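# Residue-level structure breakdown
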Amino acid sequence: MRGKVLISLFIMVSLLFFLGSEEEERYLKEARKGMVELIRSRGIKDERVISAMLKVPRHLFVDKSQWKSAYDDRPLPIGYGQTISQPYIVALMTESLGIKKGEKVLEIGTGSGYQAAILAELTDKVYSVEIIEELGKRADRVLKSLGYKVKIKIGDGYNGWEEYAPFDAIIVTCAPDHVPPPLIQQLKIGGRMVIPVGPTGLYQTLWLIKKETEEKLVYKNLGDVLFVPLVRR
Ligand code: SAH
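Now for a look at the structure at hand.

Further remarks concern the overall build of the protein. When you go through the protein residue by residue, the secondary structure sums to six helices and nine strands. By principal-axis analysis of the C-alpha atoms, the protein measures approximately 85 × 35 × 35 Å. Counting only residues that meet the buried cut, the protein has 40% of its 233 residues in that class. In the protein, 52% of the contacts between residues at least 6 apart in sequence involve partners at least 24 apart.

Below is the structure:
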């Protein structure tokens, strides 16, 4: 008798838990749709970027305590004094690079791995460098668990990733006070780089740089942004 009661209780609790998590999933999916609508209304048009943002579960890249805000259009803390970038900025930077299938992309500043996941929805050749070992390892785990094949290196991204250079596109998600020359060198002719440049703690300018020839770089100002600094080792 007691056994039966216990079993029924167990089934009821499991059912409640299951329904609860289903409800949570629904809520998160709706929130993600809302986030993407906002991004669209702010001018993002590239349908490949839009569908990547609809697909990647941003909440899984932050701590569970942040899930409620995971689809707000703002940066969120990821530990070690770092943040996952605001979704609109992720979309803007990704769109500006115009990444085609099969192109090779380098990210500097893996952080949570969210931006890397968005890139991995667009091409199968994504490389990312992170200076904080714990963050790089955690991002690697999350990305693997979601089936994304992103190659991550722990190191100073100022130097790029020579071994896999040259790249079709480079995205820098921390701010140096000048454009690192190794990153320009590791860009293909016809390659694009998006990078926030400016003094630490102040607003930076987001630049889209096109390498037209070995000597000719074309700069386009994409506006003011606020990123954590690129630190050197
Ligand atoms: N793209 C990330 C957001 C990154 S926040 C995301 O989607 O979550 C910026 C990251 O840059 C931080 O994790 C910080 O540790 C890293 N970083 C700072 N200086 C760096 C450097 N020199 N090389 C590589 N990563 C660096």
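After presenting the structure, the write-up continues.
For the ligand, the set of nearby residues contains 23 residues, the closest of which are Gly109, Gly111, Ser112, Gln115 and Gly157. Only β2 (82-84), α4 (114-122) and β4 (125-130) provide two or more residues apiece to the shell around the ligand. Counting residues per element, the shell around the ligand draws most heavily on β2, which supplies three residues. Looking at the shell around the ligand, its residues break down into twelve nonpolar, nine polar and two charged.

A few words now on the packing of helix α2 (residues 47-55) against α4. For the pair α2 and α4, the least separation of the axes is 9 Å and the interaxial angle reads 125°. Comparing the axis directions of α2 and α4 gives the class oblique. Both α2 and α4 take part in a crossing whose hand is right-handed. Contacts between α2 and α4 pair Arg48, Ala52, Met53 and Lys55 from the former with Ile118, Glu121 and Leu122 from the latter. In terms of residue class, the contact of α2 with α4 is made up of four nonpolar, no polar and three charged.

So, on to the sheet that holds strand β6 (residues 167-172). Note on sheets: strands pair through backbone hydrogen bonds, and any given pair is parallel or antiparallel. Spatial ordering of the open sheet is given by β5-β4-β3-β6-β7-β8-β9, a layout of seven strands whose pairing is mixed. Two strands bound the open sheet, and with one partner strand each, they are β5 (150-154) and β9 (217-225). The mean inter-strand angle of the sheet, taken between neighbouring strand axes irrespective of direction, is 15°. Bridge count for β6 against strand β7 (residues 187-197) is four bridges, and the pairing is parallel. Looking at β7, one finds that Ala169 is bridged to Arg192. On top of the sheet, helix α3 (residues 87-97) reaches β6, β7, β8 (204-211) and β9; it is set at about 160° to β7, its chief contact.

Residues Ala165 and Pro166 are joined by a peptide bond in cis, for which omega reads 0°. Inspection of the secondary structure assignment puts Pro166 in the loop between β5 and β6. Phi is positive for Tyr80, which is not a glycine, with a value near 55°. You can see Tyr80 is positioned in the loop between β1 (76-79) and β2.

In terms of nonpolar packing, the biggest core is built from 60 residues, with Val105 and Ile170 touching the most fellow members. Sort the elements by how many residues they give to this core and α4 lands first, with seven residues. Once you skip the residues sitting within four places of it in the chain, Val105 turns out to touch Ile99, Leu119, Thr123, Lys125, Val126, Tyr127, Phe167, Asp168, Ala169 and Ile171.

This part covers α4. The buried fraction of α4 is high, at eight of nine residues. Every buried residue belonging to α4 is among Tyr114, Gln115, Ala116, Ala117, Ile118, Leu119, Ala120 and Leu122, and all of these are buried.

Thresholds applied
Residues numbered from 1 in each chain as written. Predicted model: local features only at pLDDT ≥ 70, side-chain atom pairs only at ≥ 80, totals over all residues. Helix = DSSP H or I, 4+ residues; strand = E, 2+ residues; numbered from the N terminus. Buried ≥ 20, exposed ≤ 12 C-beta atoms within 10 Å, placed from the backbone. Contact = placed C-beta atoms within 7 Å. Near = placed C-beta within 6 Å. Nonpolar A, V, L, I, M, F, W, Y, C, P; charged D, E, K, R; others polar. Axes fitted to C-alpha atoms, helices over the stretch in contact; angles between N-to-C directions. Parallel < 35°, antiparallel > 145°, perpendicular 65-115°, else oblique. Left-handed = near helix turned anticlockwise from the far one by under 90°. Pairing = 2+ DSSP bridges. Core = buried A, V, L, I, M, F, W, Y, C linked by C-beta atoms within 7 Å.

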